[in-house]
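Here are the chains, one letter per residue:
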Amino acid sequence: MASVLVVDNSVFMRNFVGNMLRQLGHKVIAEATNGEEAVEQYQKYTPDLVTMDITMEKMSGIDALRAIKRINPEAKIIMCSSIATKSNTLEALKEGAVDFIVKPIELKQLIQALNRAGLGKLT
């Protein structure tokens, strides 16, 4: 079981992703609505995994990814966005994201991303 920080500006998406993670046996220990909150929550809880939206107020998901990686270069972050341009995807992966999931998120995609992060059950 991994501890997870779910970051998305949409309460619906935070609940949706959180419910899938719990269904897979993981524990959502914190949520954030923007990149600044994500960095604060990461520092406070040091979760095993972060799921991160890209488009958010105050600080983008890419900027939050960079900030979290400065705090902990080993941090495992899965980007989840409806804006899956080639440049966004490549930038997120270059900055250290373990995977990039395109919304709408399906359970199978999440399982594959968790496996890539070393936190899945290989189902």
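Refer to the structure presented above.
Thresholds applied
- Residues numbered from 1 in each chain as written.
- Predicted model: local features only at pLDDT ≥ 70, side-chain atom pairs only at ≥ 80, totals over all residues.
- Heavy atoms only, no water.
- Pairing = 2+ DSSP bridges.
- Helix = DSSP H or I, 4+ residues; strand = E, 2+ residues; numbered from the N terminus.
- Axes fitted to C-alpha atoms, helices over the stretch in contact; angles between N-to-C directions.
- Phe/Tyr/Trp six-rings, centres within 6.5 Å; stacked < 30°, edge-to-face > 60°.
- Buried < 20%, exposed > 50% of the residue type's maximum accessible area, 1.4 Å probe, protein only.
- Core = buried A, V, L, I, M, F, W, Y, C linked by side-chain atoms within 4.5 Å.
- Contact = heavy atoms within 4.5 Å.

A. Region of interest: the sheet that holds strand 5 (residues 99–102). Strands sit in the order 2-1-3-4-5 across an open sheet of 5 strands; the sheet is parallel. Since the sheet does not close on itself, it has two edges, and those belong to strand 2 (27–32) and strand 5, each with one partner. Each strand of the sheet is rotated relative to its neighbour by a mean of 20°, with strand direction disregarded. Note: strand 3 (residues 49–52) against strand 4 (residues 77–81), 3 bridges, orientation parallel. The residue bridging Met 52 from the neighbouring strand is Met 79, located in strand 4.

B. Quick look at the packing of aromatic side chains. A full pass over the atoms with the stated rule returns 1 aromatic pair. Ring centres of Phe 12 and Phe 16 lie 5.9 Å apart, and the angle between their planes is 15°; this geometry places the pair in the stacked category. Of this pair, Phe 12 and Phe 16 are both found in helix 1 (residues 11–23), 4 residues apart, which corresponds to roughly one turn of the helix. On the basis of relative accessible area, Phe 12 is assigned to the exposed category, the value being 55%.

C. Highlighting the nonpolar core. Formed by 22 residues in total, the largest nonpolar core has its most connected members in Val 7, Met 52, Ile 77 and Met 79. Looking at this core, the elements with two or more residues in it are strand 1 (3–7), strand 2, helix 2 (35–45), strand 3, helix 3 (61–71) and strand 4. Counting residues per element, this core draws most heavily on helix 3, at 5 residues. The residues touching Met 79, leaving out its near neighbours within four places in the chain, are Met 52, Asp 53, Ile 54, Gly 61, Ile 62, Leu 65, Ala 92, Ala 97, Asp 99, Phe 100 and Ile 101. The next biggest cluster of nonpolar side chains, apart from the first, holds 20 residues, and it includes Val 17, Val 28, Ile 105 and Leu 110.

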